[in-house]
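Spelled out, the chains give:
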Amino acid sequence: MRAGLWTALGALAISAIAMPAVAQSDKTVANLKAAYIGESTASAKYAAYARKADQEGFGAAAALFRAASLAEKIHAANHKSELADLGVTDPKPGKYTATPGATAANIQDAFKGETYEKDVMYPKMIKEAEAEGQDGALRSFTYAIEAEKQHAVLYAAALKELATVKSKATYFVCPVCGSTYKGSAPTDCPVCARSKDEFIKVK
Ligand SMILES: [Fe+2]
Ligand SMILES: [Fe+2]
């Protein structure tokens, strides 16, 4: 009887150790909601910055803001779709209601925002999605962080060029992951493998 009990307890202990953890999504859902607000706000803000850059005659900067605005819209849609998969069907988007200042300051603000997202926000969200085994959210966050890294580089370059370049620029945005390229699209998207033909051209 005693041996049987110990055996049963032992088996229970082993099964408790071996049993896969029940999938958690609390942190991932909160992160997707926050990222959805962040991306939808950024998309609206960059659209406003693009209009301001056009008014100031900075066509190339305006094109970058438009391309990044589109990329953030794609990220917002990806996050929203992952939220729906986790049972959240009506997340609240963010808004941008401020009046933009000068383009140079707007580029600096955008660079700061991208840097925070790529260095702080998304790395934490990615870690938590991994810990909770949420592969869909993990993909959505990874698509976003890869594009934000590109945006930070592009904004830094745009700031340097601002004083001398008032002309035009063309950008290509991946419709799936929001990857953003200046001048021409890569043959296949290096982040999500989508074909070059499907990239969206932004001027
Ligand atoms: Fe971005
Ligand atoms: Fe892509």
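Structure report, in brief. From a predicted model like this one, the values you see are computed outputs, not experimental measurements.

### With respect to helix 3 (residues 59–85)
In a regular helix each residue adds 1.5 Å, so 27 residues correspond to 39 Å; helix 3 covers 39 Å between its end C-alpha atoms and thus fits that length. Here helix 3 lies mainly inside the structure; 19 of its 27 residues are buried. G87 sits one or two positions beyond helix 3 and adopts a positive phi of about 90°.

### Side note on the pattern of salt bridges
In the structure shown here, the tally under the stated rule is 8 salt bridges. As a salt-bridge pair, D54 and R66 come within 2.9 Å of each other at their nearest N and O atoms. Separated by 12 residues along the polypeptide, D54 in helix 2 (residues 26–55) and R66 in helix 3 bring together distant segments of the chain. Judged by its relative accessible area of 39%, D54 is partly exposed. Its relative accessible area of 30% is what places R66 among the partly exposed residues.

### Regarding the sheet that holds strand 1 (residues 171–173)
Spatially, 2-1-3 is the arrangement adopted by the 3 strands of the open sheet, whose pairing is antiparallel. Two strands in the sheet have a free side with no partner beyond their single neighbour: strand 2 (180–182) and strand 3 (200–202). Within this sheet the neighbouring strands show an average axis-to-axis angle of 25°, counted without direction. Of the strand pairs in this sheet, strand 1 and strand 2 are connected by 3 bridges, and their pairing is antiparallel. In the sheet register, F172 faces strand 2, and the bridge partner there is Y181. Each of strand 1, strand 2 and strand 3 touches helix 3; the most contacted strand, strand 1, lies at about 0° to it. In this fold helix 5 (residues 135–161) packs onto strand 1 and strand 2, with an angle of close to 30° to the strand it touches most, strand 2.

Rules used in this analysis
- Residues numbered from 1 in each chain as written.
- Chains lettered and ligands numbered in written order.
- Predicted model: local features only at pLDDT ≥ 70, side-chain atom pairs only at ≥ 80, totals over all residues.
- Heavy atoms only, no water.
- Helix = DSSP H or I, 4+ residues; strand = E, 2+ residues; numbered from the N terminus.
- Expected span 1.5 Å × (residues − 1).
- Buried < 20%, exposed > 50% of the residue type's maximum accessible area, 1.4 Å probe, protein only.
- Salt bridge = Lys/Arg side-chain N within 4 Å of Asp/Glu carboxyl O.
- Pairing = 2+ DSSP bridges.
- Axes fitted to C-alpha atoms, helices over the stretch in contact; angles between N-to-C directions.
- Contact = heavy atoms within 4.5 Å.

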